[in-house]
Amino acid sequence: MDLFGYSFFQNALLGVILTGIVTGILGSYIVVRRMVFISGGITHSSFAGLGFGFMIGQSPILYAMLSAILSGIGVEALSRRGTVRSDSAIATVWSFGMALGVLFTFLTPGYTPGLSAFLFGNILLITGADLWMLGIFLLVTIPLVILLYRPLLYVSFDPDYARTRGLPVSLYSYAMMVWICIGIVLSIRVMGIMMLMSMLTLPQMTVNLFTSDFKKILSLSCLLSVLATLAALFCSYYLNLPTGAVSVLLLSVLFFASRGVLFLKNKRA
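Below, the structure is looked at part by part. (Residues numbered from 1 in each chain as written. Predicted model: local features only at pLDDT ≥ 70, side-chain atom pairs only at ≥ 80, totals over all residues. Heavy atoms only, no water.)

1. A word on the overall build of the protein chain
Consideration 1: Secondary structure assignment for the protein chain yields 13 helices and 0 strands.
Consideration 2: For the protein chain, the α and β elements follow one another from N to C terminus as α-α-α-α-α-α-α-α-α-α-α-α-α.
Consideration 3: Over its C-alpha atoms the protein chain spans a radius of gyration of 19 Å, differing by no more than 12% from the 18 Å that the globule rule assigns to 269 residues.
Consideration 4: Across its three principal axes, the protein chain shows a C-alpha extent of roughly 55 × 45 × 35 Å.
Consideration 5: A total of 269 residues make up the protein chain; the buried ones form 50% of that total.
Consideration 6: Restricting the contact set of the protein chain to residue pairs at least 6 apart, pairs at least 24 apart contribute 76%.
Consideration 7: Carbon and sulfur atoms make up 69% of the accessible area of the protein chain, which totals about 13400 Å². (Helix = DSSP H or I, 4+ residues; strand = E, 2+ residues; numbered from the N terminus. Rg over C-alpha atoms; globule rule 2.2 N^0.38 Å. Buried < 20%, exposed > 50% of the residue type's maximum accessible area, 1.4 Å probe, protein only. Contact = heavy atoms within 4.5 Å. Areas by Shrake-Rupley, 256 points an atom, 1.4 Å probe, with all protein chains shown as cover.)

2. Thoughts on the packing of aromatic side chains
Consideration 1: Per the stated rule, a full pass over the model turns up 6 aromatic pairs.
Consideration 2: Connected via pairs of aromatic rings, a cluster forms that spans Phe52, Tyr63 and Phe104. (Phe/Tyr/Trp six-rings, centres within 6.5 Å; stacked < 30°, edge-to-face > 60°.)

Encoded structure:
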């Protein structure tokens, strides 16, 4: 119990809980709308903003957020107009963002401290400001999801039906894209760019094996994400392992184990 007396562990504990809920909510929308690779493109394109922030000596999170939002809106716009295939647009944004990030990092004078934490995650470096931003994001997100649950459900599952109901599908899509970009960047400090896409998809895919109810996917994905990140946090402390990587490994094992159980069950039936 002495472990909970350390301030850094308290921050880490609160950080993984908040991040688990954020990725659980956003990931549900991403998986239902089949935006998994778009989220990957956004996550990796934010590296351009991180590199630029390091290069000019200002807040890398702010510029990562701007980079992610511009990339997300760009991909959404290109995909809707049909001028470029969505997978091609995502690949372009993904590679361009990473290339710019590498270039800006190379041009940064001296050593760039904290860069590896953004790439691979480091829960021990999470600050009070990070917790406040995650907390405010959730305080806004949860009421919005509750109030706009039905419109989001229509837009996610059947955009054509949503249009017949008079819903502004484009507005909802762009607004959700911007909100997803903000949530992704706020979660980078905990999970890292390389691991974040898995946290946005694995819990939802696992839950989706057992139910197609959107409410259950939302709630159970959040629960699964929080439990996985908490388990990974204790593994990080006692075994000196990276939290993000352990979270993804735990969720991957659970997903494949669930698939195996369902396969055996269907085979016996």
